[in-house]
Amino acid sequence: VLIALLMFSIAGSLYTFSYHNEQMAEATESASRKLTLTYSMRDAIRERVRILQDMVQHEDPFVRDEYRMEYFTLASKYSRARRELLTLATQPEEVSFMRELDLAARKVGPDNQQVLTLLARLDSPPHAELERAADAAIAGHLFLFERLGQMVALQKALTRRSVSEAEADFQEALLLAILLGIAAVIVAVGTALIVSYRATEKNRQLSYQASHDALTDLANRAAFEQAVSCILDESRIDGTEHVLLFMDLDQFKIVNDTKGHQAGDQLLQSLSLVLSSQLRRSDMLARLGGDEFAVI
């Protein structure tokens, strides 16, 4: 579980960083491309206004024809940028704005057609009529130009919002990865504590079992011999004296043979309690094996 949590936390962090970088790169690239297309549409509108003004000022039909061809070229440039921008417009605000922009462009259409028709006439149309038609077409283009400026502001705002949302997603994913890491650490510490506690308990049990008799819970032969060895060493150093008492039960075999080993075990346990109750805390009682006991 610990390894799985750690691996999941690391994988989640790496995926979060990678996904965040990709998301930011895509958002930046898309926003840059949409701004470029919008500026291209604005430039086309600006140039069309300039050409309309120049066509009205020139009376030479050949010069006007050149202007008209350039005018149509700019219309194609505007249309190409508009089509690509439509494919990139994913936000509802952008789609709605593009619909409004198309409606405004369609309203400019009749005024464009009228001024181009007047300029294409071989006979010179009345200047006042030409100026009115040109002014109407220019006004429509200027409205489009203003709306495209608002489109630029909208795209910048949407880009900031996308970046903020990406940052929020990144922070949320990063927090989740941190929580998973903390959970892994908690599991690791808990596992270490449990293992340490169980190992300590197991060692304590093994140590106790190695030095005590399983039936009577008294010290066994090994523990008794170790205690005797220690006492002898102390006696050589400080000259203290101790007493060793050895005991065994006469005819204990008769109990096992007539009453069974369970009765013999109960007798040994009862005898151990009786002997222990008659000794001091500083004394040591041990069962050496079978029906043999010893006291220091």
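A brief look at the structure comes next. Owing to the predicted nature of the structure, the values given are computational and were not obtained by experimental measurement.

Here's the deal with the overall build of the protein chain
Each helix and strand in the protein chain was counted, giving 7 helices and 3 strands. Start at the N end of the protein chain and walk to the C end: the helices and strands fall as α-α-α-α-α-β-α-α-β-β. Expected size for 296 residues packed as a compact globule is a radius of gyration near 19 Å; at 51 Å, the protein chain overshoots this value by more than 25%. Each principal axis of the C-alpha atoms in the protein chain carries an extent, and together these give about 150 × 50 × 25 Å. The 296 residues of the protein chain split such that 29% are buried. In the protein chain, the share of contacts with a sequence separation of at least 24, taken over all contacts with a separation of at least 6, comes to 70%.

Some details on a nonpolar patch on the surface
A grouping of L175, I178, L179, I182 and I186 is seen on the molecular surface, where their side chains present a nonpolar patch of about 480 Å² in accessible area. Here L179 shows up in helix α4 (residues 127-211). For L179, a relative accessible area of 47% puts it in the partly exposed group.

Concerning the sheet that holds strand β3 (residues 292-295)
Read from one edge to the other, the open sheet built from 3 strands follows the order β1-β3-β2, with strand pairing classed as antiparallel. Sheet topology places β1 (245-248) and β2 (285-289) at the edges, where each strand pairs with a single neighbour. Direction aside, neighbouring strands of the sheet carry axes that sit 25° apart on average. When β1 meets β3, the two strands line up antiparallel, connected through 4 bridges. Its bridge partner being in β3, M247 is matched across the sheet by F293. In the packing of helix α5 (residues 221-238) onto the sheet, contacts are made with β2 and β3, and the angle to β2 comes to roughly 125°.

Some details on the side chain of R68
Within the element layout of this structure, R68 appears in helix α2 (residues 61-88). Dropping the residues within four chain positions of it, R68 is found in contact with M55, L116, L119 and A120.

Remarks on the environment of A153
Among the structural elements, A153 can be located in helix α4. Exposure remark for A153: the relative accessible area of 45% places this residue in the partly exposed category. Measuring from C-alpha to C-alpha, the distance between A153 and L35 comes to 9.5 Å, with 118 residues separating the pair along the chain.

What to know about α2
The terminal C-alpha atoms of α2 lie 41 Å apart, and with 28 residues this matches the ideal 40 Å at 1.5 Å per residue to within 8%. The set of residues buried in α2 consists of R64, Y67, R68, Y71, L74, Y78, A81 and L85. Contact partners of the buried residues in α2: α1 (2-57), α3 (92-120) and α4.

Notes on the pairing of β3
With 4 bridges connecting them, β2 and β3 associate as antiparallel partners. In the sheet register, G289 faces β3, and the bridge partner there is E292. Adjacent in sequence and paired antiparallel, β2 and β3 are bridged by 2 residues, among which G290 carries a positive phi angle near 60°.

A word on unusual backbone geometry
Residue D217 is not a glycine yet carries a positive backbone phi of 65°. Its place among the elements puts D217 in the loop between α4 and α5.

What to know about α3
Taking 1.5 Å per residue as the helical rise, α3 with its 29 residues ought to reach 42 Å, and the 41 Å between its terminal C-alpha atoms agrees with that figure. Helix geometry: α3 is bent most strongly at G109, by close to 30°, with proline P110 lying one to four residues after it. Along α3, the positions that sit buried rather than exposed are E94, F97, M98, L101, D102, A104, V108, N112, V115, L116, L118 and L119. The inward-facing, buried residues of α3 abut α1, α2 and α4.

Observations regarding the packing of aromatic side chains
Applying the stated criterion across every chain yields a total of 1 aromatic pair. Look at Y71 and F72: their rings are 6.4 Å apart centre to centre, the planes differ by 70°, and that puts the pair in the edge-to-face class. Residue Y71 is classed as buried on the basis of its relative accessible area, which comes to 1%. The exposure class of F72 is partly exposed, given its relative accessible area of 40%. Above the ring of Y71, the side-chain terminus of R48 is found at 3.9 Å from the ring centroid.

Calculation notes
Residues numbered from 1 in each chain as written. Predicted model: local features only at pLDDT ≥ 70, side-chain atom pairs only at ≥ 80, totals over all residues. Heavy atoms only, no water. Helix = DSSP H or I, 4+ residues; strand = E, 2+ residues; numbered from the N terminus. Rg over C-alpha atoms; globule rule 2.2 N^0.38 Å. Buried < 20%, exposed > 50% of the residue type's maximum accessible area, 1.4 Å probe, protein only. Contact = heavy atoms within 4.5 Å. Patch = residues over 30% accessible without salt bridge, like charges linked within 9 Å, V, L, I, M, F, W, Y side chains within 5 Å. Areas by Shrake-Rupley, 256 points an atom, 1.4 Å probe, with all protein chains shown as cover. Salt bridge = Lys/Arg side-chain N within 4 Å of Asp/Glu carboxyl O. Pairing = 2+ DSSP bridges. Axes fitted to C-alpha atoms, helices over the stretch in contact; angles between N-to-C directions. Expected span 1.5 Å × (residues − 1). Bend = angle between axes of the 7 residues up to and from the residue. Phe/Tyr/Trp six-rings, centres within 6.5 Å; stacked < 30°, edge-to-face > 60°. Lys NZ or Arg CZ within 6 Å of the ring centre and 35° of its normal.

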